[in-house]
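Here is how the chains run, residue by residue.
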Amino acid sequence: MASTLPDHPHSDTRSAAPLQPEKAGRVEVHGIDHIPEDERRGRARELFSVWAAANVNYLNLVVGGALVLAGLDLLQAFAVVVVGNLFWLGTGLLAVPGPAAGAPSEVITRAMYGVIGNRVNNAVTGWMISVCYFALNLAAAAVAAFSLAEQAGLTPTTPVKVAIVVAIVVVTLAISVYGHAAIVRLYLPITLALAAAFAVVGYVVLRRADYGYAPAEPLSGSHLWAAVLAGVTLIASGPLSYTTSADFSRYLPHTTSPRAVLGWTALGGFLPSVLVGGLGVLAATVVDMTDPQAALQQILPSWFNPVFLLALVVGTIAVNALTAYSAGLALQAVGIRIKRTVSVLVDGAVAVSLTLYALLVSNFLDTVSNVLQLTVVLLGPSTAVYAVDILLRRNRYDGRALGDESPGSAFWYRAGVNPAGALALGAGVACAALCVDTLYTGPVAALFGVDLALPVGMVVAAAVYAVLMRRPAARREV
């Protein structure tokens with residue numbers, strides 16, 4: 001039989017285990033293998049700081065400002081920030097199987113795609129997209145670090161830039177290599193430090209903001225809906241990129257409340273994202289947010305500028321450490337037999353190469369917008385399939401059974417592929433691709449004049465998977 005939901009779903013008081021072999025000062029020994037119950041420890045509320053530290057960051061500030069640049073007024077922009085970040089509830093739901101299975105998301109998704117099918121899923125959704133996000137965030141951190149070096153009197157020549165990028169990656173990968181315990185231990189003080197830095201930014205922006213701001217040419221009709229849906233998609237791409245949220249909950253005891261896991265994960269992502277995104281909206285009424293880093297330094301106290309730049313770098317390190325950690329697990333789940341520590345280092349090497357190339361891109365804001373909006377074509381349907389599977393199985397996952405990759409596995413399905421998962425994901429991605437309007441305009445988007453990729457892709461994938469997996473022969477309840 002499988003692990004099941006706890007008898008008292010509202011209780012989070014039984015979350016501590018007596019044995020604690022995993023310590024912040026030691027390199028984590030586990031990879032994608034099952035975490036035995038006697039090695040579980042912690043409480044669900046620890047997840048709040050893990051996700052908060054990753055979201056008090058520069059990217060949320062940039063995205064908030066981008067909404068105003070797109071032509072939305074303040075009320076519309078604030079509404080988009082809130083609605084887009086409600087997708088953190090999905091991230092929270094995807095974290096729920098972690099304690100039940102004692103396994104990371106990269107293994108749990110074998111229930112959706114089969115042993116072989118899931119290797120392909122991890123190669124694309126788990127590894128490739130994660131490394132791209134790593135590189136994108138690293139580019140933002142590097143630009144801030146270049147400015148910091150310049151203020152310190154160091155001319156950012158090409159060798160200096162390369163050294164700075166490598167230094168940031170070394171710190172990031174050190175956290176990822178030490179792993180789960182180090183992340184849980186470090187991210188509370190990081191959250192507090194970043195919150196203090198952004199509080200100063202908030203104080204300056206709130207004093208200067210134009211609360212009566214209105215765009216020179218207010219949007220209406222289809223143009224307004226196009227901007228709103230594009231903004232929601234842009235923001236939702238953040239939480240949707242964390243389909244691996246069970247990676248950070250799997251060390252919790254199986255008796256941990258699913259509602260607590262969902263709630264603390266979602267709140268940790270939602271609250272800082274809304275606050276920082278809202279700050280970006282207000283900042284756009286004061287400065288030119290096409291280059292927010294340089295523009296904000298013009299209104300911040302001179303003594304605070306180095307602190308602000310350092311906060312941008314630290315915030316990016318926090319989010320990238322999570323990304324590199326999950327990307328390392330994804331690389332293992334693809335079937336490459338290497339240690340988690342080695343896989344993390346491989347991720348870092350690839351990300352450095354991509355970042356050094358990305359720094360040649362002239363308009364960083366456009367690059368962010370295009371990349372984030374396009375990834376929802378895949379991430380939206382992927383999240384929907386995962387969420388529906390959790391609901392259909394009522395969170396019944398057996399981590400040991402999921403770890404069996406042999407042809408006799410309960411999750412081998414047909415030739416190692418679950419047709420329901422493959423068809424649902426394929427249908428969702430295909431329909432989303434027809435509705436996208438970012439790097440290209442799909443036929444459906446051209447017909448209606450709005451980007452419907454996110455809702456259409458998620459609804460189609462969820463519906464197809466729910467129908468196919470309701471057949472008794474298709475579903476493996478373990």
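One can find the structure itself at the top, above this paragraph.
Note that the coordinates shown come from a computational prediction; the quantities given were computed from them, not determined experimentally. Numbers given for residues are sequential positions, taken from 1 along each chain in its written order. Side-chain atom pairs in this predicted model are given and counted only at pLDDT of 80 or more, local residue features only at pLDDT of at least 70, and totals for whole chains, interfaces and linings cover all residues. Processing note: side-chain calculations cover all non-hydrogen atoms of the structure and skip hydrogens and water entirely.

S.K.: Give a detailed account of the state of the cysteines, specifying residues and quantitative values.
M.R.: What we call a disulfide is simply a covalent bond connecting the sulfur atoms of a pair of cysteines. Throughout, disulfides are identified as pairs of cysteine sulfur atoms within 2.5 Å of each other. Taken as a whole, this structure holds zero disulfides when the rule is applied. Summary of cysteine pairing: C435 is not part of a disulfide, and the nearest cysteine sulfur, belonging to C431, is at 6.8 Å.

S.K.: Tell me about the packing of helix α13 (residues 292-299) against helix α14 (residues 305-333), and name the residues and values.
M.R.: Packed helix pairs are specified by the crossing angle of their axes together with the interaxial distance, meaning the distance between the axes. Where α13 contacts α14, the axes come no closer than 10 Å and their chain directions differ by 150°. As the angle between them shows, α13 and α14 are arranged roughly antiparallel. The element α13 and its partner α14 pack so that their crossing is right-handed. For the pair formed by α13 and α14, the contact residues are Q293, L296 and Q297 on the first element and N305, F308, L309 and L312 on the second. Its residues placed into classes, the contact of α13 with α14 shows four nonpolar, three polar and no charged. Fitted lines through C-alpha atoms give the axes, limited to the stretch in contact for helices. The angle between two N-to-C directions lies from 0 to 180 degrees. By definition, any uninterrupted DSSP run of H or I lasting at least four residues is a helix, any uninterrupted run of E lasting at least two residues is a strand, and each is numbered from the N terminus. The scheme is simple: roughly parallel for angles under 35 degrees, roughly antiparallel for over 145, roughly perpendicular for 65 to 115, oblique for anything else. Note on convention: the crossing is left-handed when the near helix lies turned anticlockwise from the far helix by less than a right angle, right-handed when the turn is clockwise. Two residues form a contact once any of their heavy atoms are found within 4.5 Å. Nonpolar residues are Ala, Val, Leu, Ile, Met, Phe, Trp, Tyr, Cys and Pro. Charged residues are Asp, Glu, Lys and Arg, and all others, Gly as well, are polar.

S.K.: Please give an account of the side chain of R41 that cites residues and values.
M.R.: Tracing the backbone through its elements, the reader meets R41 in the segment before α1 (46-53). Using a 1.4 Å probe on the protein chains alone, a residue whose accessible area is under 20% of its type maximum counts as buried, one over 50% counts as exposed, and one in between counts as partly exposed. Classification of R41 as buried rests on a relative accessible area of 9%. Under the rule applied, a polar contact is a pair of N or O atoms within 3.5 Å (in protein, one hydrogen donor and one hydrogen acceptor; residues adjacent in sequence only if both atoms are side-chain atoms). At 3.5 Å, the side chain of R41 forms a polar contact with the side chain of E46.

S.K.: With reference to specific residues and values, describe the packing of aromatic side chains.
M.R.: Any two rings among Phe, Tyr and Trp, with Trp reduced to its six-membered ring, count as a pair given centres within 6.5 Å; such a pair is stacked if its planes are under 30 degrees apart, edge-to-face if over 60, and tilted if neither. This model, assessed by the stated rule, comprises eight aromatic pairs. Every member of this aromatic cluster is reached through a ring pair, and the members are W51, W88, Y242, F248 and Y325.

S.K.: So what's going on with empty space enclosed by the protein? Residues and values would help.
M.R.: Think of a 1 Å grid over the protein atoms and nothing else: a 1.4 Å probe that fits but is trapped marks a cavity, an open set flanked by protein within 12 Å on at least five of seven lines marks a pocket, and residues with an atom within 4 Å of a point count as lining. Grid points are joined across faces, edges and corners, and a volume is the space filled by probe spheres set on the points. Under the definition given, this model contains five cavities of 30 Å³ or more. One number sums up the size of the largest cavity: a volume of about 360 Å³. Considering each element in turn, the lining of the largest cavity owes the most residues, five residues, to helix α11 (residues 221-240). In the lining of the largest cavity, the residues fall into 15 nonpolar, 15 polar and no charged. Empty space within the second largest cavity amounts to approximately 90 Å³. For the lining of the second largest cavity, the secondary-structure elements that each account for two or more residues are α6 (105-108), α8 (115-151) and α16 (364-393). By residue class, the composition of the lining of the second largest cavity is two nonpolar, nine polar and one charged.

S.K.: How would you summarise the nonpolar core if you had to cite specific residues and measurements?
M.R.: Among buried residues, the Ala, Val, Leu, Ile, Met, Phe, Trp, Tyr and Cys ones that are joined through side-chain atoms within 4.5 Å form a nonpolar core. Core analysis: the largest hydrophobic core is formed by 133 residues, its most contacted members being I108, M112, Y187, L296 and Y465. Top element by residues in this core is α14. It accounts for 13 residues. With residues up to four places along the chain from it excluded, the contact list for Y187 reads S49, V50, A53, I175, I317, A318, A321 and L322. Among the nonpolar cores identified, the runner-up in size contains five residues, and V377, C435, V436 and A453 belong to it.

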